[in-house]
Amino acid sequence: MILKNAKIYRPDHTFAVGDAAIRDGRFTADTVPHPGEAVLDASGLLALPGLVDVHFHGAVGHDFCEGTEASIQALADYEASRGVLAICPATMTFSEEILGKVMRAAAAHKNEAGADLVGINMEGPFISPNKVGAQNPTYLHAPDIGMFTRLQALSGGLIRLVDVAPEEPGAPEFIFAACRSARVSIAHTCADYDTAKAAFAHGATHMTHLYNAMPGITHRAPGPIIAALEEGAEVELITDGVHIHPAMVRFTFRVFGDDKVILIADSMMAAGLPDGQYELGGQAVTVKGPRATLTAAPDTIAGSATCLYDCMCRAVRDMGVPLESAVRAASENPAKSIGIDADYGSIAPGRYGNVILADEALQIRNVIRRGEVIL
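Let me sum up the structure you'll find in this document. (Residues numbered from 1 in each chain as written. Predicted model: local features only at pLDDT ≥ 70, side-chain atom pairs only at ≥ 80, totals over all residues. Heavy atoms only, no water.)

Along the backbone of the protein there are 10 helices and 23 strands. Radius of gyration (C-alpha) of the protein: 20 Å, near the 21 Å computed for a compact globule of 375 residues. With respect to the principal axes defined by its C-alpha atoms, the protein has extents near 65 × 45 × 40 Å. Within the protein, the fraction of its 375 residues that count as buried is 56%. Long-range contacts, defined as pairs at least 24 residues apart, comprise 68% of the intrachain contacts of the protein with a sequence gap of at least 6. (Helix = DSSP H or I, 4+ residues; strand = E, 2+ residues; numbered from the N terminus. Rg over C-alpha atoms; globule rule 2.2 N^0.38 Å. Buried < 20%, exposed > 50% of the residue type's maximum accessible area, 1.4 Å probe, protein only. Contact = heavy atoms within 4.5 Å.)

A word on the sheet that holds strand β17 (residues 276–280). Spatial strand order, β17-β18-β19-β20: four strands in an open sheet with antiparallel pairing. With partners counted over all chains shown, the strands left at the sheet margins are β17 and β20 (297–304), one partner each. Each strand of the sheet is rotated relative to its neighbour by a mean of 40 degrees, with strand direction disregarded. (Pairing = 2+ DSSP bridges. Axes fitted to C-alpha atoms, helices over the stretch in contact; angles between N-to-C directions.)

Following the criterion strictly, the structure yields 17 salt bridges and no others. A salt bridge links R183 to E234, with the shortest nitrogen-to-oxygen separation between them at 2.5 Å. In this pair, R183 is assigned in strand β13 (residues 183–186) and E234 in strand β15 (residues 234–238), connecting sequence segments 51 residues apart. The class of E234 is buried, set by a relative accessible area of 11%. In this structure, D359 and R365 form a salt bridge, with 3.5 Å as the shortest nitrogen-oxygen distance. One network of salt bridges, in which partners are shared, links D258, R328, E332 and K336. (Salt bridge = Lys/Arg side-chain N within 4 Å of Asp/Glu carboxyl O.)

Turning our eyes to something else, we now look at the nonpolar core. In this structure, L263, Y309 and M312 are the most contacted members of the largest nonpolar core, which totals 94 residues. Ignoring sequence-local partners within four residues, the contact set of M312 consists of L48, L51, T239, L263, A326, V327 and A330. (Core = buried A, V, L, I, M, F, W, Y, C linked by side-chain atoms within 4.5 Å.)

This part takes up the side chain of N121. By secondary structure assignment, the location of N121 is in strand β11 (residues 120–122). A polar contact is formed between the side chain of N121 and the backbone oxygen of V54, at a distance of 2.9 Å. In this view, N121 contacts V54, H55, C88, P89, A90, T91, L161, D163 and E236; residues no more than four positions away in its chain are not counted. (Polar contact = N/O pair within 3.5 Å; in protein donor to acceptor, adjacent residues only side chain to side chain.)

Here we come to unusual backbone geometry. Here G124 and P125 are connected by a cis peptide whose omega angle stands at 15 degrees. Along the polypeptide, P125 turns up in the loop between β11 and α3 (145–155).

Two faces make up the sheet, and in a regular strand the side chains alternate between them. Burial along strand β5 (residues 46–49) is two-sided: L46 and L48 and A47 and P49, pointing in opposite directions, are all buried. Pairing of strand β1 (residues 2–9) with β5 involves two bridges; the strand directions are parallel. Counted as the bridge partner of K7 is L46 from β5. For β5 and strand β21 (residues 355–358), the ladder comprises four bridges, and the chain directions are antiparallel. Each bridged residue has a counterpart across the sheet, and for P49 the counterpart in β21 is V355.

On to the packing of aromatic side chains. One pass over the structure, following the stated rule, counts five aromatic pairs. Ring plane angle 55 degrees and centroid distance 5.2 Å describe the contact between Y344 and Y352, whose orientation is recorded as tilted. Across the pair, exposure class does not vary: Y344 and Y352 are buried alike. Following the ring pairs from residue to residue traces out a cluster consisting of F126, F148 and F174. The ring of F176 carries R180 above its face, with NZ or CZ at 4.0 Å from the centroid. Positioned above the aromatic ring of Y352 is the side chain of R370, whose terminal nitrogen or guanidinium carbon lies 3.7 Å from the ring centre. (Phe/Tyr/Trp six-rings, centres within 6.5 Å; stacked < 30°, edge-to-face > 60°. Lys NZ or Arg CZ within 6 Å of the ring centre and 35° of its normal.)

Turning our eyes to something else, we now look at the packing of helix α2 (residues 96–108) against α3. As a packed pair, α2 and α3 sit with axes 7 Å apart at the nearest point and diverge in direction by 30 degrees. Viewed along their axes, α2 and α3 adopt a mutual orientation that is roughly parallel. The residues of α3 that touch α2, namely those facing E96, L99, G100, M103, R104 and A107, are M147, R150, L151, L154 and S155. Split by residue class, the contact of α2 with α3 holds six nonpolar, two polar and three charged. (Parallel < 35°, antiparallel > 145°, perpendicular 65-115°, else oblique. Nonpolar A, V, L, I, M, F, W, Y, C, P; charged D, E, K, R; others polar.)

A contiguous nonpolar patch, built from I217, M248, F251 and V255 and spanning about 280 Å² of accessible area, is present on the exposed surface. For F251, the position within the fold is in helix α7 (residues 246–256). For F251, a relative accessible area of 31% puts it in the partly exposed group. (Patch = residues over 30% accessible without salt bridge, like charges linked within 9 Å, V, L, I, M, F, W, Y side chains within 5 Å. Areas by Shrake-Rupley, 256 points an atom, 1.4 Å probe, with all protein chains shown as cover.)

Have a look at this one:
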């Protein structure tokens, strides 16, 4: 396939009108049409790399922790329809037995249609009991490298991210050991500045949904956010318009830099569905408009009810983030974070031919997966 006259998001993070060629499922530098090759005129359209979501839980009535092929495929199909062509869904805080079922299902998944399952984000259970958020406190567990190693083996090595509250007993040793096979992320934590600095020294490199479920910044207690800034950590942002004020989103891009920000959806099963009653981590959730909250604790946000593409668009339209920065934060940065950037995250020779064609208003016109138009 040849895409002609598109406004292409290039590897140098700028847009330029040009052509892109996809052969054998991957981009190639040779854009001269071959005999019989399909040519798609994309004049007036933006060509964006397929997005990469490294933190979401569910959509369209399914949750990754159902641990079934049907649920994984439903998520893969929905995400692909919204331009997200590589997914690293997140687990919730559950027992090792339940998480083991999820790992086995992920390892068995074949990636034959929809978004590619490229990893697993193990968000629980090694988190603080004082910052559980919408996680289920019943299943909290101290950081346990043995448990992590067993689950990693069941997944076939798919766990790309593992979360931990670094102030919990055994966390430093866990971080030092776990970072050999996955990125370690600070999450759901009460850690102060010094504890977070020590966690980064032991091998942590990532911050889960920055600002949410962690201490804030004050002038005498800078907390884990400033530690992350000083250590050059990657930071996730949920730009759904509920979790973080637009001014803080702009602040984060300016201070951390658009090479360190990773946009995530953190969506639960209501994404793509109307308002109503749903579930997350075994707990009832009420969704009304853009806001999802625990039914039993209405002040507790329970993930989002939107997808990564819409979060990216909202960051641009409503939060003043430059389009070039938002696209980078939703494609290249997450791909690099979990080590899949040789295949995903950019429109560059050798990468999979995953493209979103959108108009200037960012309405999706087509989604192309490995050179095949799927929408």
